[in-house]
Amino acid sequence: MRHPLLAVLPSHYLFALCLLVSQVHAEFIVSHRSPETEGDFRQHYNNELLTLALEKTKAKYGAYKFQAIPAMTTPRLLSVATSNIYQNLIFELTYEDKFTVKGDLTYINFPIDLGIVSYRVCFVNPAIKDELKQISTIEQLKKHTIGQGIGWSDVEILRANGFHVNEFSNYGNIFKMVSAGRIDLFLRGANELRSEYNTFKSTMNLTYDESFVIFYPLPRFFYIAAENKLAKKRIEEGLKIAYHDGSLKKLWRKEYGESIRFAKLKQRKIFHLNNPLIKNLPTDYQKYLYDPFHD
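Residues numbered from 1 in each chain as written. Predicted model: local features only at pLDDT ≥ 70, side-chain atom pairs only at ≥ 80, totals over all residues. Heavy atoms only, no water.

K.L.:
Whenever I open this one, the pairing of strand 4 (residues 105-108) confuses me. Can you help?
P.N.:
Remark: a regular strand shows side chains that alternate across the two faces of the sheet. Every second residue of strand 4 is oriented toward a common face, with Leu105 and Tyr107 on one face and Thr106 and Ile108 on the other, all of them buried. In the sheet, strand 4 pairs with strand 11 (residues 220-225) via four bridges, with the strands oriented antiparallel. By the bridge assignment for strand 11, leucine 105 is matched with alanine 225. (Buried < 20%, exposed > 50% of the residue type's maximum accessible area, 1.4 Å probe, protein only. Helix = DSSP H or I, 4+ residues; strand = E, 2+ residues; numbered from the N terminus. Pairing = 2+ DSSP bridges.)

Structural data, given as structure tokens:
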């Protein structure tokens, strides 16, 4: 039975009321990435972190639904990110000035991995592993070929610093290329070495260098279409709440603690490179960065 009050309300008020009710009960959907290949665990921490941020803001903003999109490469992801095919699509990217030039993308101002991915260690061609131990300068390192993924920030950064880089479309194949000696080096974050080595070592002659680490700033943020202001606001609030109450650092250590110890960064020589892709990035994110050499 229709409520008597509704019978006397003008039609435009009824429409507004129905719209308000539908918005109150509408699901808050956040779309996220899926692994590109079997054995690709790179999205695990990102998705756990997103969930943490959403949980921290549940009391203020309400319930949410977390849904995966089909697996796709970074260039493909960028092409669909602002189309809103996937509602509130949020994804991680290593910061580059060019991503926000058009104004249709924006980033959440919190470095999601606390900067640990800036410390780059290498899977190596087994034939040159002993030779690499003798390297003491960047110039010596530049004679070796590097493999990285298509669209990765590393490619431009390494080329700008004078390295020869080959690009590959399939993430899993790069491990095969370096273990077979088709390339000499495959740079990974210190937080990625252990899990990737354990995933791929049984199927190929995979090995890694233990003598040096290459550092260049690689701040990684969550990106989202600029029009999705509520989702951006909610997730940024949630990340900062989780950081200050210690739950984010707890999750980070659970995910990466063993990997960082495995990489033994303090026992390595460190080579510093410039990152020309972050010239316009404000430096306020740096207060959240982790320094493995002073932990």
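Now, onward.
K.L.:
When you look at the environment of aspartate 104 in this model, what are you seeing that I'm missing?
P.N.:
Along the polypeptide, aspartate 104 turns up in the loop between strand 3 (90-94) and strand 4. According to the relative accessible area criterion, aspartate 104 is partly exposed, its value standing at 33%. Discounting residues that sit within four places of it in the chain, aspartate 104 has contacts with Thr82, Ile224, Ala225 and Ala226. (Contact = heavy atoms within 4.5 Å.)

K.L.:
Whenever I open this one, unusual backbone geometry confuses me. Can you help?
P.N.:
Leaving glycine aside, a negative phi is the common case for residues, and trans is the common case for peptide bonds. For asparagine 88, which is not a glycine, the phi torsion comes out positive at approximately 45 degrees. Position of asparagine 88 relative to the elements: it lies in the loop between helix 5 (74-80) and strand 3. Its identity is not glycine, yet lysine 264 carries a phi of approximately 50 degrees, on the positive side. Within the element layout of this structure, lysine 264 appears in the loop between helix 12 (247-263) and strand 12 (269-272).

K.L.:
Please explain the environment of glutamine 134 as it appears in this structure.
P.N.:
Among the structural elements, glutamine 134 can be located in the loop between helix 6 (129-132) and helix 7 (138-141). Spatially, the C-alpha atom of glutamine 134 lies 8.6 Å from that of serine 211, the residues being 77 residues apart in sequence.

K.L.:
Is there a simple way to think about the pattern of salt bridges in this case?
P.N.:
Pairing between side chains of opposite charge can happen when their charged atoms approach one another. Taken as a whole and assessed by the stated rule, the structure comprises 19 salt bridges. Between aspartate 209 and arginine 268 there is a salt bridge, with the nearest N and O atoms lying 3.6 Å from each other. One end of the pair, aspartate 209, is in the loop between strand 9 (207-208) and strand 10 (212-215); the other, arginine 268, is in the loop between helix 12 and strand 12, with 59 residues separating them in the sequence. Note on accessibility: aspartate 209 and arginine 268 belong to one class, buried. If you follow the salt bridges from partner to partner, you end up with Arg33, Glu92, Asp113 and Arg220 in one network. (Salt bridge = Lys/Arg side-chain N within 4 Å of Asp/Glu carboxyl O.)

K.L.:
How should the sheet that holds strand 4 be read in this particular structure?
P.N.:
Strands pair in a sheet through their backbones, by hydrogen bonds, and they do so in one of two ways: parallel or antiparallel. On the basis of which strands lie adjacent, the open sheet formed by three strands has the order 3-11-4 and antiparallel pairing. One side of each edge strand has no neighbouring strand; the edge strands of this open sheet are strand 3 and strand 4. Within the sheet, the average angular offset between the axes of one strand and its neighbour, ignoring direction, is 45 degrees. Of the pairings in the sheet, the one linking strand 3 to strand 11 comprises five bridges and is antiparallel in character. (Axes fitted to C-alpha atoms, helices over the stretch in contact; angles between N-to-C directions.)

K.L.:
Would you take a moment to explain the side chain of arginine 220 for this structure?
P.N.:
Assignment of secondary structure puts arginine 220 in strand 11. Residue class for arginine 220 comes out buried when judged on its relative accessible area of 16%. Not counting residues within four places of it along the chain, the set of residues in contact with arginine 220 comprises Glu92, Leu93, Thr94, Phe110, Pro111, Ile112, Asp113, Val117 and Glu192.

K.L.:
Explanation requested: helix 11 (residues 229-244) in the structure shown.
P.N.:
Given 3.6 residues per helical turn, the α-helix brings residues three or four places apart onto the same face. Between its terminal C-alpha atoms helix 11 stretches 23 Å, which fits the 22 Å expected from 16 residues at 1.5 Å a residue. Listed as buried for helix 11 are Ala231, Arg234, Ile235, Glu236, Gly238, Leu239 and Ala242. Tucked inside the fold, the buried residues of helix 11 contact helix 3 (43-56), helix 4 (58-61), strand 3, strand 4, strand 11 and helix 12. Backbone geometry just after helix 11 places glycine 246 at a positive phi near 90 degrees. (Expected span 1.5 Å × (residues − 1).)

K.L.:
How should I be thinking about the environment of arginine 120 in this particular structure?
P.N.:
Assignment of secondary structure puts arginine 120 in strand 5 (residues 119-124). Sequence separation of arginine 120 and valine 213 is 93 residues, and the distance between their C-alpha atoms is 5.6 Å. Residue contacts for arginine 120: discarding those within four places in its chain leaves Gln148, Asp154, Leu187, Arg188, Gly189, Glu192, Val213, Ile214, Tyr216 and Leu218. Reaching out from arginine 120, the side chain makes a polar contact with the backbone oxygen of valine 117 at a distance of 3.0 Å. A polar contact of 2.9 Å, which involves the side chain of arginine 120, links it to the side chain of aspartate 154. (Polar contact = N/O pair within 3.5 Å; in protein donor to acceptor, adjacent residues only side chain to side chain.)

K.L.:
Whenever I open this one, the nonpolar core confuses me. Can you help?
P.N.:
Here is a general trend for soluble globular proteins: nonpolar side chains tend to be buried in one another's company. One finds Leu49, Leu239 and Leu248 to be the most contacted residues of the largest nonpolar core, which totals 50 residues. Residue assignment for this core shows that the elements contributing at least two residues are helix 3, strand 5, helix 9 (171-179), helix 10 (193-200), strand 10, strand 11, helix 11 and helix 12. Core analysis: the next-biggest nonpolar cluster, separate from the first, contains 23 residues, Ile128, Ile135, Leu141 and Leu273 among them. (Core = buried A, V, L, I, M, F, W, Y, C linked by side-chain atoms within 4.5 Å.)

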